[in-house]
Amino acid sequence: KLNLLRKQPNIFSALGVGKYEIRHSNFLAWLLKPEESHGLGDLFLTRFLRDVFLDDRCKEVSLIDLPNFDLRKTIVYREWNNIDLLVEIGDIVIVIENKFLTNEHGNQLFRYQKTVNEAFPKTKKVFVYLTPYGDEASEKETDINYSYERILEILGDLLKLYNDALSSGRGIYIKERRHGV
């Protein structure tokens, strides 16, 4: 089955951008924005937040808080102070360090925590370390390990549930991305 999936045409592979971390971060930023053109609204963001808020390392925010957020006002920053993704939802900041085919280096996670703590002193913070298989972050006490495998599961579930509601172009784009990771 995996060989068949790999042989399917894929726009990301054809363009030669399937292995670039920045492209994956751009795609993830697009998915995390409820008002974007993907047609999923806040469904992907909600599923992602559920996972993150359930993790024991998420000390400042609880899953119980999720219904109180106005997800339509989500702001996603790309490459803010070298941080791959910074998601701002009201008084919460979610920092996502994306490592696709590389490893963390130069005490990155610690430096990013310091930067975010200084820039957002009164904001609740959540730190996520995203890798293909949920590798363990160097900041084990604070950074939540998250995987592209889980992102693909979420996208697969959403496509099954809402495929009819998505225009064919949106659904194809999301399906292509699922097979391009």
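Predicted, not measured: the structure shown is a model, and the values here were computed from it. (Residues numbered from 1 in each chain as written. Predicted model: local features only at pLDDT ≥ 70, side-chain atom pairs only at ≥ 80, totals over all residues. Heavy atoms only, no water.)

Undergrad: Outline the environment of Arg 111, supporting the account with residue identities and numerical values.
TA: Within the secondary structure layout, Arg 111 lies in helix 5 (residues 108–119). A residue is classified by how much of its surface remains accessible, and Arg 111, at 40% relative accessible area, is partly exposed. The spatial distance from the C-alpha of Arg 111 to the C-alpha of Ile 83 is 9.9 Å, given a sequence separation of 28 residues. If we skip the residues at most four places from it in the chain, Arg 111 touches His 105 and Gly 106. (Helix = DSSP H or I, 4+ residues; strand = E, 2+ residues; numbered from the N terminus. Buried < 20%, exposed > 50% of the residue type's maximum accessible area, 1.4 Å probe, protein only. Contact = heavy atoms within 4.5 Å.)

Undergrad: Now, about the packing of helix 4 (residues 43–54) against helix 6 (residues 148–162): what can you tell me, with residues and values included?
TA: At a minimum axis separation of 10 Å, helix 4 and helix 6 run at an interaxial angle of 140 degrees. With respect to their mutual orientation, helix 4 and helix 6 come out oblique. For the element pair helix 4 and helix 6, the recorded crossing hand is right-handed. Between helix 4, through Leu 43, Phe 44, Arg 47, Phe 48 and Asp 51, and helix 6, the contact on the second element is made entirely by Arg 150, Ile 151, Ile 154, Leu 155, Asp 157, Leu 158, Leu 161 and Tyr 162. Classifying every residue of the contact of helix 4 with helix 6 by side-chain character gives nine nonpolar, no polar and four charged. (Axes fitted to C-alpha atoms, helices over the stretch in contact; angles between N-to-C directions. Parallel < 35°, antiparallel > 145°, perpendicular 65-115°, else oblique. Left-handed = near helix turned anticlockwise from the far one by under 90°. Nonpolar A, V, L, I, M, F, W, Y, C, P; charged D, E, K, R; others polar.)

What is shown is where atoms sit, not what they do.
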